[in-house]
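# Architecture at a glance
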Amino acid sequence: MIQNARYLHSIYCDDVRREINGKITLVGTYPGGLTFNQPAPAILPKLCIVLTAQTPIENLFERLEFRVLLDDVVVQKIEIPQKELNAQAASVKASPPDNASFQTIGAVLELANIPIHGPCKIGVRAVTEREELGAAALRINFHPTANPSDDKPPPLANAHAPA
């Protein structure tokens, strides 16, 4: 990895739960994409996106806006307030954490009732003061001839009922 490189990381999941001790639990992650077990169209009832933007301490963020795109159309955006960026930058400069070489800013975005008309992708971008960072997109597909009964697991091979 290039030492001065900034990057954006994304995780797509069904839900994010915040625990009392500060940890978060990701429920139903989509590592390889999402496939509806039906023909298009469909409604995606909920999608959470966990974002982490990282930059070297010597190159702190001066502006940061997260954007969610459905194919190439922006469907949601959230800008990190300048006041928050300034406060975090001042804190990092005043007393950087032990062995820390990066500033990390995270966000959890929640989308609801997203109409999906056919195969597509949901992607994320981070717009900074001088560049646009991209992360992995979530590919969405459909089974065109899906049957709801296909959700049932296949019968066990060589299974016998007790006598």
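What you see is a predicted model; the values in this text were computed from it and never measured. Every chain is numbered independently, its residues counted from 1 as its sequence is written. Local features in this predicted model are restricted to residues of pLDDT 70 or higher, and side-chain atom pairs are both shown and tallied only at a pLDDT of 80 or more, whereas totals for entire chains, interfaces and linings draw on every residue. As a rule here, side-chain values cover all heavy atoms of the structure and leave hydrogens and water aside.

### Some points on the overall build of the chain
The condition that has to hold: In this text, helices come from DSSP runs of H or I with a minimum length of four residues, and strands from runs of E with a minimum of two, each type numbered from the N-terminal end. Relative accessibility under 20% of the residue-type maximum defines a buried residue, over 50% an exposed one, and the middle range a partly exposed one, all with a 1.4 Å probe and only protein chains included. Contact definition: two residues touch when any of their heavy atoms are within 4.5 Å.
The number of helices and strands found in the chain is one helix and ten strands. Traced from its N-terminal end to its C-terminal end, the chain shows the element sequence β-β-β-β-β-β-α-β-β-β-β. Counting over 163 residues, the chain shows a buried share of 32%. Taking the intrachain contacts of the chain between residues at least 6 apart in sequence as the baseline, contacts between residues at least 24 apart amount to 71%.

### Thoughts on the state of the cysteines
Note the threshold: The disulfide criterion is simple: two cysteine sulfur atoms within 2.5 Å.
One pass over the structure, following the stated rule, counts zero disulfides. Between C13, a free cysteine, and C48, which holds the nearest cysteine sulfur, the sulfur-to-sulfur gap is 5.0 Å. The class of C13 is buried, set by a relative accessible area of 0%. Residue C48 is classed as buried on the basis of its relative accessible area of 1%.

### Observations regarding the packing of aromatic side chains
Note the following rule: Stacked, edge-to-face and tilted labels apply to pairs of Phe, Tyr and Trp rings (six-membered ring for Trp) whose centres lie within 6.5 Å, assigned for plane angles under 30 degrees, over 60, and everything in between, in that order.
As enumerated under the stated definition, the model contains one aromatic pair in all. Seen in terms of ring centroids, F36 and F142 are 5.0 Å apart; in terms of plane orientation they differ by 15°. Their pairing is stacked. Of this pair, F36 sits in strand 3 (residues 34-36) while F142 sits in strand 10 (residues 138-142), and the two are 106 residues apart along the sequence. There is no split in this pair, since F36 and F142 are both buried.

### A short note on the sheet that holds strand 2 (residues 24-29)
For clarity, the cut-off: Strand pairing follows a simple DSSP-based rule, namely that at least 2 bridges must link the two strands. All axes are obtained by fitting lines to C-alpha atoms, using only the stretch in contact for helices, and the reported angles, taken between N-to-C directions, cover 0 to 180 degrees.
Pairing is antiparallel across the open sheet formed by four strands, whose spatial order is 2-1-4-7. Of all the strands in the sheet, just strand 2 and strand 7 (102-116) have a single pairing partner and so form its edges. For this sheet, the mean inter-axis angle between neighbouring strands, taken without regard to orientation, is 50°. Of the strand pairs in this sheet, strand 1 (residues 7-18) and strand 4 (residues 42-56) are connected by seven bridges, and their pairing is antiparallel. Bridge pairing links C13 to C48 in strand 4.

### Description of the side chain of T55
Using the following cut-off: Counting of polar contacts relies on pairs of N or O atoms within 3.5 Å, with two restrictions inside protein: one atom must be capable of donating a hydrogen and the other of accepting it, and residues adjacent in sequence are counted only when both atoms are side-chain atoms.
If you trace the backbone, T55 turns up in strand 4. For T55, a relative accessible area of 0% puts it in the buried group. A distance of 2.8 Å separates a polar atom in the side chain of T55 from a polar atom in the side chain of R6. When sequence neighbours within four positions are dropped, the list of residues in contact with T55 reads R6, L60, F61, S101, F102 and Q103.

### A word on the nonpolar core
Inclusion rule: As used in this record, nonpolar core signifies buried Ala, Val, Leu, Ile, Met, Phe, Trp, Tyr and Cys residues forming a set joined through side-chain atoms within 4.5 Å.
Formed by 30 residues in total, the largest nonpolar core has its most connected members in I49, L64, F66 and I122. Listed by contribution, the elements that provide at least two residues to this core are strand 1, strand 3, strand 4, strand 5 (64-70), strand 7, strand 8 (120-128) and strand 10.

### Things to note about the confidence of the model for the chain
Formally: Scored from 0 to 100, pLDDT reflects the predictor's confidence in each residue.
Of all residues in the chain, 84% have pLDDT values of 70 or greater, and the mean over the chain is 86. Throughout residues 153-163 the model reports pLDDT below 50, and contacts reaching past four residues in sequence, or to other chains, amount to zero contacts.

### Observations regarding the environment of E129
By the secondary structure assignment, E129 is in the loop between strand 8 and strand 9 (132-134). Judged by its relative accessible area of 26%, E129 is partly exposed. In this structure the C-alpha to C-alpha distance between E129 and R63, which are 66 residues apart in sequence, comes to 4.9 Å. Residues in contact with E129, not counting those within four places in the same chain, are R6, L60, F61, E62 and R63.

### Considering the pairing of strand 5
Buried residues dominate strand 5, accounting for five of its seven residues. Where strand 5 lies against strand 8, seven bridges are found, and the strand directions are antiparallel. If you follow V68 over to strand 8, its bridge partner there is V124. Relative to strand 6 (residues 73-79), strand 5 is paired through six bridges, and the arrangement is antiparallel. Note on strand 6: the bridge partner recorded for R67 is K77. Hairpin connection of strand 5 to strand 6: two residues between the antiparallel strands, including D71 at a positive phi of 55°.

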